[in-house]
Amino acid sequence: MRSLTRTLLVMSIAALVLAPVVAPASARPAMVDAVTAWNANAGRAALDACLAPTNNPLHESRLYAAMHVAIHDALNAIDRRSRPYAFKTGAKPGASPEAAVAAAARDVLVPLLQQLPAPFSDCVAASGAVAGVDAAYAAALGAIPDGRAKRQGVALGQAAAAAILVLRAGDGSDTPLFDTAYPQGTQPGEYRFTPGFDFAFAPGWADVTPFVLRDSSQFRPGPPYRVTGKKYAADFNEVKRLGGDDITTPSARTAEQTEIALFWVESSPLQWNRIARTVSADTGLDLWENARLFGLLNMALADGYIGSFDTKYHGYNYWRPVTAIQLADTDGNPNTSADPTWTPLVATPPIPDYDSAHSVEGGAASQVLKRFFGTDHVGFTTCSLTLPAGSTCDDASPVLRSYTSFSQAREENGVSRILVGFHFRKAVDEGIEHGRKIGNRAVNRFLQPVH
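About the cut-offs
Residues numbered from 1 in each chain as written. Predicted model: local features only at pLDDT ≥ 70, side-chain atom pairs only at ≥ 80, totals over all residues. Heavy atoms only, no water. Phe/Tyr/Trp six-rings, centres within 6.5 Å; stacked < 30°, edge-to-face > 60°. Helix = DSSP H or I, 4+ residues; strand = E, 2+ residues; numbered from the N terminus. Buried < 20%, exposed > 50% of the residue type's maximum accessible area, 1.4 Å probe, protein only. Lys NZ or Arg CZ within 6 Å of the ring centre and 35° of its normal. Salt bridge = Lys/Arg side-chain N within 4 Å of Asp/Glu carboxyl O. Core = buried A, V, L, I, M, F, W, Y, C linked by side-chain atoms within 4.5 Å. Contact = heavy atoms within 4.5 Å. Polar contact = N/O pair within 3.5 Å; in protein donor to acceptor, adjacent residues only side chain to side chain.

Caption draft 1: Fine view of the packing of aromatic side chains. As enumerated under the stated definition, the model contains 19 aromatic pairs in all. On the basis of an interplanar angle of 65° and a centroid distance of 6.1 Å, the ring pair of Y318 and F424 is categorised as edge-to-face. With Y318 in the loop between α11 (287–316) and α12 (321–326) and F424 in the loop between α14 (406–419) and α15 (425–445), this pair connects stretches of sequence that are 106 residues apart. Residue Y318 shares its accessibility class with F424, and that shared class is buried. Between the aromatic rings of F380 and F406, the centroid separation amounts to 5.8 Å while the plane-to-plane angle is 25°, which identifies the pairing as stacked. One end of the pair, F380, is in strand β3 (residues 380–382); the other, F406, is in helix α14, with 26 residues separating them in the sequence. Here the two residues F380 and F406 agree in accessibility, since each one is buried. One aromatic cluster is present, built from ring pairs that chain together F263, W264, W272, F372, F373, F380, Y403 and F406. Here the guanidinium or amino end of R81 rests over the ring plane of W288, the centre of that ring lying 4.2 Å away.

Caption draft 2: Quick look at the pattern of salt bridges. The final tally for this structure, using the stated rule, is 17 salt bridges. Note that R106 is salt-bridged to D134, the shortest N-O span being 2.8 Å. Taken together, the residues span a long stretch of sequence, with R106 in helix α4 (residues 97–114) and D134 in helix α6 (residues 129–142) at a distance of 28 residues. Look at R106 and you get partly exposed, because its relative accessible area is 22%. Among the ionic pairs, E259 bridges to R401, the shortest N-O distance being 2.6 Å. Note that E259 is positioned in helix α9 (residues 255–263) and R401 in strand β4 (residues 401–403), a separation of 142 residues in sequence. Among the ionic contacts, a cluster of salt bridges with common partners joins E256, E259, R401 and E412.

Caption draft 3: Up close: the environment of C123. With respect to the helices and strands, C123 occurs in helix α5 (residues 120–127). Each C-alpha atom, one on C123 and one on A233, is 43 Å from the other, the two residues being 110 residues apart in sequence.

Caption draft 4: Focus on the nonpolar core. Counting residues in each nonpolar core, the largest one holds 125 residues, and the members touching the most others are W38, I71, L113, M299 and F309. Residue contributions to this core peak at 15 residues, all from α11. If we skip the residues at most four places from it in the chain, W38 touches M67, I71, V101, A102, A105, L109, V133, A136, Y137 and A140. Ranked by size, the runner-up nonpolar core spans 17 residues in total, among them V227, F236, A328 and F424.

Caption draft 5: Structural context of the environment of N237. Looking at the secondary structure, you find N237 in helix α8 (residues 230–242). Separated by 90 residues in sequence, N237 and G147 have C-alpha atoms that sit 66 Å apart. Only 3.1 Å separates the side chain of N237 from the backbone oxygen of N335, close enough to count as a polar contact.

Caption draft 6: Highlighting the side chain of T194. Turning to its location among the elements, T194 is positioned in the loop between β1 (178–179) and β2 (200–201). On the accessibility criterion, T194 (1% relative accessible area) is buried. Setting aside residues up to four positions removed in sequence, T194 forms contacts with R320, V322, T348, P349 and P350.

Caption draft 7: Just the environment of H451, in detail. Structurally, H451 can be placed in the segment after α15. For the pair formed by H451 and R80, sequence separation is 371 residues and the distance between their alpha carbons is 9.9 Å.

Dropping the structure here:
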């Protein structure tokens with residue numbers, strides 16, 4: 001079995017501490033209801049399972065999406081305010097909403113955590129992730145008076161969880177994550193394993209059944225730039241100038257740009273759910289509104305990875321900047337020059353460049369939030385778990401970044417992938433637009449309000 005230490009290098013920063021998602025007072029939302037509490041519980045479970053903050057956002061996004069579908073459907077079985085996704089039953093108006101939410105969340109999280117592949121299954125066992133979920137469940141039920149309403153709520157939540165688990169069984173998410181036999185390219189522009197890795201990560205994720213997309217290729221963008229062209233050279237020289245580690249490779253990044261680069265290394269599902277909790281609290285959403293918001297957000301995020309991995313592997317198989325820069329003498333472009341020792345700020349993940357999945361996630365999340373709240377112009381402040389020690393969400397004085405709109409955060413998230421040395425700008429721009437289309441489809445076609 002591949003060692004856990006080696007595997008956790010997939011998308012990690014050296015010496016990164018996998019700490020629980022507990023925001024400091026300055027960033028913690030003032031209001032918490034059962035839906036947002038279980039959203040935070042799922043984040044803690046993802047950290048305990050070593051999925052977050054950087055290692056495996058694919059299974060992390062699936063975990064959140066399935067849980068929030070079950071929560072949404074359980075609540076809408078009590079009071080039908082929006083159309084259910086998987087669980088359709090007659091109204092149970094006497095059931096406890098809080099019990100329904102807790103049971104739906106627990107009965108999705110526990111089996112999905114137990115089904116994670118190695119080495120994440122080892123993390124689940126070692127960290128007591130399942131015990132943590134069960135403890136949160138016991139505490140939630142303990143706060144609800146015993147009686148018929150509680151029993152009905154638990155039964156509804158369990159039934160809603162069972163419905164989404166049946167629907168997602170055999171969805172292809174058991175695809176191998178570490179493909180050492182993945183064929184490497186030999187021509188300029190073709191993907192090679194990135195330095196430090198002897199595998200491609202999850203090339204079969206494009207075949208996972210989507211939550212909202214018709215199929216994984218539905219919004220696949222057009223091709224990346226030809227490596228002999230001027231636009232490619234401009235993108236090449238931008239990431240070469242800005243994306244280096246400033247140790248082996250000099251970088252023109254400012255101190256703030258380095259902060260941005262590291263801030264957004266964090267898993268997209270973890271960060272955008274934290275943002276959604278903050279905005280939800282600030283706007284005073286109720287249980288049903290939160291259920292719909294987090295259901296739409298997390299289905300779009302899950303499908304963002306499915307759609308992006310289709311583009312990456314089935315579509316274009318494009319090389320990463322680190323490969324392109326080190327091998328630039330072979331690309332036939334007079335406007336590029338090679339640096340055989342060029343090193344990015346953070347080790348490049350073993351996945352093709354185009355399009356940027358992180359940018360797809362930002363596009364999808366920001367579009368869902370914009371559509372849900374009816375405006376892009378919502379201000380918020382958030383923190384990160386991938387900044388240097390002393391600056392993270394869990395530290396006494398975390399670095400906080402503030403935004404005046406969802407699109408501002410989306411754009412900063414995208415450009416961070418250039419600043420960290422991971423992606424060409426074309427992959428970022430196309431990724432954002434790819435994600436926007438996924439977000440729009442989620443809002444237009446699923447969990448529609450019942451008028």
